[in-house]
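Now for the letters of each chain:
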Amino acid sequence: MMIRKPELLAPAGDMESFIAAVENGADAVYLGIKDFSARAYAGNFTVDEFREALDYAHLRGVSVYVTLNTLIKDEEIEKAVNLIYTLDELGTDAIIVQDIGLLSLVREFLPDLPIHASTQMTIHNTEGVRFLQDMGISRVVLAREMSLHEIKAIKQETGMDIETFVHGALCICYSGQCLMSSMIGGRSGNRGHCAQPCRKKYSLMEDKEKLSTRGGFLLSPKDLNASPILPELIEAGISSFKIEGRMKRPEYVAGVVRIYRRLIDRYIDDPQSYFVSDEEAAQLAQLFNREFTTGYFKGNPAGDLMARDRPYNRGVSIGKVTGYNSRGRTLNLELSGPLRIGDGIGFGDGEESGMIVQAMYAGGKPVKEACNRDIVSIPFDAPLRTGTRIYRTLDSSLMKELQSSFEHPGRYRKVPVSLGVQASVGEPFVVTVRDEDGNTVSAGSDYIIEAALRKATSGEDVHKQMNKLGNTAFEVKEIEISMLDGAFIPIKEMNDTRNKAVAELERIRTGSYRRERHAAYTPVNETHSTENTKKTLLAVSVSSMESLQDAIASGADAIYYDMECPMEKSTDLQDIAVYTKDARVLAYLHTPLIVKDGEMSHVEQQMITAMKAGFEGVIAANSGVFRKALSLGFKTVTDSSFNVFNRRAASVLLRRGAELIALSPEMNFEQVKEVSAGIKTECIVHGKLQVMESEHSLVAALEKSGSASGYPQSHGAFWLRDEKGFIFPVMTNERGRTYIFNSKEMCLLEDIPRLVDAGVSMLRIDARTAEPSLTGQVVTSYREAIDSCYDQRKAGGKKCRDISAEFTRGHYHRGVL
């Protein structure tokens, strides 16, 4: 088997981190431009800073990818496309996108600019990859929940360039599908403003009783560290190994990149002798860890995925507390590892205190450092329990070593070049420089070489001057000198000519990436049929026959039936089809958000069965199922999980074959109105919104009786309660996936006239998690509200408080950051 060396892709949140990545061996660097980045709280780059960074990287043969992986509002489209024009002109190697509308625009107007699909697109099956191949994507960053077996199969089936994360923070939720941050505080992870609710404390409740759990950070995963299994990732055919960390300090980037560079090269040089040294493993842990996991690469890690005791950097254990001197206010420590003045330390599991060591004493005398088995004391304001573990969270010596790689750039990453010199009396002094990419430049002196009157210039003299490339990006691999004896060449002329040739090579290496300039982008109005001028319809998502019957009796125009909902035992699709047909109500089959390749045939069979039974169509929640449904000739509604945020995105899906587009629940009224003009759209107006879907079986992993399948042994009702007392329902499906729902019910009953006026084609009530006995009352209220918009004689005066105990209007009034 031929082994392809993977690209090492490093993060950069600022220029120091960028230089750290390049100098320590990254093949490529990804970064964000201010305003359009999924890490809005990273430093990010201005266009001028980016130009400087791009030239720095390209000069050294390093690629640069720009992350534009957020959802784009309609009013931002023009600015975003013009930014991409600038990035293209400067020579950006690729852009990373989430928004399907932006993807389509770039493919149309910049067909040669490579586009990578962000992990925010939630791509997790072969059909989803093929969908993006059809759109011109050249690389896919797969969901972090993929196993090596699944990745390898997708690679073999599609031939797509696959990028996966190999080190850094993990999300508990499938990326691109987390609404928790925005629903809690209006800070959307899909817009780069995630507030990290997964790193907060929660209590697990069952039937309103608090359960005992080890640790309180129930949604906080460990950090990914794939170094122990790197050979398997390489052999799976993964094209790019991505390190997470645009929010991390540059020393972290330098250290992690340096180690992974070494590990990849070690395997490629001798696959049979691959290893991770104790020192390398210790440095990775020291740089940052919440404990480590290999994630889902080797299968579902269940409870081993989580770091419930501590959601922040754990550091490395270096000792324990042995006592406290209250008179001197010093903490006594017994060390199991080195500790120095300037190091950072933290205390115990669950302890949130920490400090920088400013002073340290051994035997009553001040010391600058101490080692394994030493007994030392440090100033501290309060006693800690004897035996409390001490963790070094910052190694000042390691930090200082790593800082040198970016504080003095150009020392480590060099481009090998060959120099040729021609020197003859009566001719200019000529220097030719060649790099390993085939670039060749020559420069000649204005000075005409003269015969030596005294001491002639020797070949050694020339060699010495040619070898002085100083702070340039180049290092001399070989020098060939063609020179006759008896010539005199002033040192200044040799240096000036060498420098002129090197400068020209720099210009060629950076300038070769530049592309032609573009005229400013002018927005194009996305026009479609105006069928949505018809009466707004009412759809109800249900998971039981009882809810279905009540919804139809109360005025539903369409039923979305979910066989996968963990709340209810499913009803035969034939019975659903007969009942809805008799009632003259359209029936659609709800398909799951996550459908891995091993599950696709089951979902496909469900769709075929539904269509044969008489269902009108299907609700597709991911691009793979969307593509599969269209290939089978089914009418398809794209669900809100497609994160449609602008007219172009809606237009793309309609052109691809969608019948109706469910809009993102993170949009406000004005944005909904903008997208819905002439486009068939749907809005979710009522129900408990799903704010997370996780491959991790939360309840089963916490229960001592958790089964191997990932489904909890106990079948009570579960909730998560946050520190403010809000309660979030938790459900688990038969495959062990966890669904978390918002603490409050969405209710837009009083806003129905605005949505009807906005031209929304379908309004959806999600009753899948509601008590079936309440479905009829809710549907009746919305039926009356819609009808009253067309006939003022009809009633429609109910309010949300009449049908919902605790409710929210979501983002329709306020929008998101």
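Placed above this text is the structure.
The text that follows walks through the structure, step by step, so that each part is easy to find. Just so you know, these numbers come straight off a predicted model, no measurement behind them. (Residues numbered from 1 in each chain as written. Predicted model: local features only at pLDDT ≥ 70, side-chain atom pairs only at ≥ 80, totals over all residues. Heavy atoms only, no water.)

As a further point, take the state of the cysteines. A complete count under the given rule lists one disulfide for this structure. The disulfide that involves C747 links it to C800, with 2.2 Å between the sulfurs. Measuring handedness by torsion sign, the sulfur bridge of C747 and C800 sits at about -95° and is left-handed. With a gap of 53 residues between them, C747 in strand β40 (residues 745-747) and C800 in helix α23 (residues 800-803) connect regions that are remote in the sequence. By the burial criterion, C747 is buried, and C800 matches it. Looking at the unpaired C194, the closest cysteine sulfur is the one in C178, lying at 5.9 Å. You can call C194 partly exposed: its relative accessible area is 33%. (Disulfide = S-S within 2.5 Å. Helix = DSSP H or I, 4+ residues; strand = E, 2+ residues; numbered from the N terminus. Buried < 20%, exposed > 50% of the residue type's maximum accessible area, 1.4 Å probe, protein only.)

Here we take up helix α9 (residues 250-269). Note: α-helices contain 3.6 residues per turn, so residues at a spacing of three or four share the same orientation. In this model α9 runs 28 Å from its N-terminal to its C-terminal C-alpha over 20 residues, within 8% of the 28 Å that 1.5 Å per residue would give. For α9, the buried fraction is high: 16 of the 20 residues fall into the buried class. (Expected span 1.5 Å × (residues − 1).)

Next up on the list: the packing of aromatic side chains. Within the structure shown, the criterion is met by eight aromatic pairs. With a centroid separation of 5.6 Å and 80° between ring planes, the pair formed by Y560 and Y588 is classed as edge-to-face. Of this pair, Y560 sits in strand β30 (residues 558-562) while Y588 is found in strand β31 (residues 586-590), placing the two residues 28 residues apart along the sequence. Its relative accessible area of 4% is what places Y588 among the buried residues. Here a set of aromatic residues connected by ring pairs shows up, and it is made of F131, F626 and F642. K248 extends its terminal NZ or CZ atom over the ring of Y252, reaching a point 4.9 Å from the ring centre. (Phe/Tyr/Trp six-rings, centres within 6.5 Å; stacked < 30°, edge-to-face > 60°. Lys NZ or Arg CZ within 6 Å of the ring centre and 35° of its normal.)

Turning our attention to the pattern of salt bridges. For the structure on display, the rule yields 54 salt bridges. With a closest N to O distance of 2.8 Å, R191 and E76 form a salt bridge. Of this pair, R191 sits in the loop between α7 (180-185) and β8 (202-206) while E76 sits in the loop between β3 (63-68) and α3 (77-90), placing them 115 residues apart in sequence. Accessibility classification places R191 together with E76 in one group, the buried group. In this structure, the salt-bridge partner of R509 is D437, at a minimum N-O distance of 3.0 Å. Separated by 72 residues along the polypeptide, R509 in helix α13 (residues 491-511) and D437 in the loop between β24 (428-435) and β25 (440-448) bring together distant segments of the chain. Shared partners join several salt bridges into a network, and the residues in it are E127, R130, D134, E157, E604, R627 and K628. (Salt bridge = Lys/Arg side-chain N within 4 Å of Asp/Glu carboxyl O.)

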